[in-house]
Amino acid sequence: MESIRTATGGLLFLDTPGGTGKTFLINIILAEIRMRHDIALAITSPGISSILMEGGRTAHSALKLPLNIATTESPVCNVSKDSGQAQLLKQYKIIVWDECTMAHKKSLEALDRTLKDLRGNKKLMGGALVVLAGDFRQTLPVIPGSTPGDN
Ligand SMILES: Nc1ncnc2c1ncn2[C@@H]1O[C@H](COP(=O)(O)OP(=O)(O)OP(=O)(O)O)[C@@H](O)[C@H]1O
């Protein structure tokens, strides 16, 4: 909570087994940030879990992630620099990504690339504080050499 209060930037990962209170803790973190009139972005990978967070949205909707993210070499968020969305991405005190273990790794890379560009900062996630939460025990098994059809 101290890193969140000071919001010095960086990447935190919240990893606990299912049902032990990750989303519960995220809602407390969001309340703490918003109580001080700072802005926080709460995103999640599966749409259904976005309704469990206060003001939660899907990552694809909030970050305008490309739909063909898996096949794009170096994806970025489809956010133009002069848009309101870009202004928000520069100002968020914290970005919380729940169920991030369900997201394609390129989604996280796209966020990193976009934040670095918008904030003009080469640090990880453009110097923003990003909290990832998820449980690798709840992800689908990886099939080596699989095709999209196998999934
Ligand atoms: N500290 C707490 N005090 C009271 N209730 C809690 C606490 N932590 C969690 N709960 C309750 O336990 C239930 C499960 O919590 P939560 O959904 O946050 O778990 P989770 O780790 O996000 O689960 P999943 O990995 O399946 O998404 C919820 O009903 C939540 O309200």
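Residues numbered from 1 in each chain as written. Predicted model: local features only at pLDDT ≥ 70, side-chain atom pairs only at ≥ 80, totals over all residues. Heavy atoms only, no water.

Some points on the overall build of the chain
Phase 1: For the chain, the count of helices and strands is five helices and five strands.
Phase 2: Ordering the α and β elements of the chain from the N terminus gives α-β-α-β-β-α-α-β-α-β.
Phase 3: What you see for the chain is a C-alpha radius of gyration of 15 Å, in line with the 15 Å of a compact globule of 151 residues.
Phase 4: Considering the chain as a whole, with its 151 residues, one finds that 38% of them fall into the buried category.
Phase 5: Long-range pairs, those at least 24 residues apart, make up 65% of the contacts in the chain with a sequence separation of at least 6.
Phase 6: Within the structure as shown, the chain displays about 8400 Å² of accessible surface, and the carbon and sulfur contribution to it stands at 58%.
Phase 7: On the chain, the mean spot of the 17 positive side-chain charges and the mean spot of the 14 negative ones are 6 Å from each other. (Helix = DSSP H or I, 4+ residues; strand = E, 2+ residues; numbered from the N terminus. Rg over C-alpha atoms; globule rule 2.2 N^0.38 Å. Buried < 20%, exposed > 50% of the residue type's maximum accessible area, 1.4 Å probe, protein only. Contact = heavy atoms within 4.5 Å. Areas by Shrake-Rupley, 256 points an atom, 1.4 Å probe, with all protein chains shown as cover. Lys, Arg positive; Asp, Glu negative; His and termini not counted. Charge placed at Lys NZ, Arg CZ, Asp CG, Glu CD.)

Topic: the site of the ligand
Phase 1: In the vicinity of the ligand, the residues found are P17, G18, G19, T20, G21, K22, T23, F24, E99 and Q138.
Phase 2: In the environment of the ligand, an oxygen atom lies 3.3 Å from a nitrogen or oxygen atom belonging to the backbone of T20.
Phase 3: Q138 has a polar side-chain atom sitting 2.9 Å from an oxygen atom of the ligand.
Phase 4: Contact with the protein chains hides 51% of the accessible area of the ligand, taken as 630 Å² for the molecule alone.
Phase 5: The residue makeup of the shell around the ligand, split by class, is two nonpolar, six polar and two charged. (Near = heavy atom within 4 Å. Polar contact = N/O pair within 3.5 Å; in protein donor to acceptor, adjacent residues only side chain to side chain. Nonpolar A, V, L, I, M, F, W, Y, C, P; charged D, E, K, R; others polar.)

Observations concerning the sheet that holds strand β1 (residues 10-15)
Phase 1: Read across the open sheet, the five strands follow the order β1-β5-β4-β2-β3; overall the sheet is parallel. Both outer strands of the open sheet, β1 and β3 (57-58), are each paired with one neighbouring strand and no more.
Phase 2: Bridging between strand β2 (residues 40-44) and strand β4 (residues 94-98) involves five bridges; their strand directions are parallel. In the sheet register, L41 faces β4, and the bridge partner there is I95.
Phase 3: Relative to β4, helix α5 (residues 105-119) is tilted by about 170 degrees, and along the sheet it contacts β4 and β5 (129-134). (Pairing = 2+ DSSP bridges. Axes fitted to C-alpha atoms, helices over the stretch in contact; angles between N-to-C directions.)

Details of helix α4 (residues 84-91)
Phase 1: Within α4, burial applies to Q85, A86 and L89. Across the axial projection of α4, the buried residues extend over an arc of 100 degrees, all falling on one side. Exposed side chains of α4 directed beyond 90 degrees from the buried face belong to G84 and Q91.
Phase 2: For α4, the elements touching its buried residues are α3 (59-63), β4 and α5. (Arc of directions from axis to C-beta.)

Details of helix α2 (residues 22-35)
Phase 1: The terminal C-alpha atoms of α2 lie 20 Å apart, and with 14 residues this matches the ideal 20 Å at 1.5 Å per residue to within 8%.
Phase 2: Immediately beyond the C-terminal end of α2, within one or two residues, lies H37, with a positive phi of roughly 60 degrees. (Expected span 1.5 Å × (residues − 1).)

Treat this as a map of the structure, not an account of what it does.
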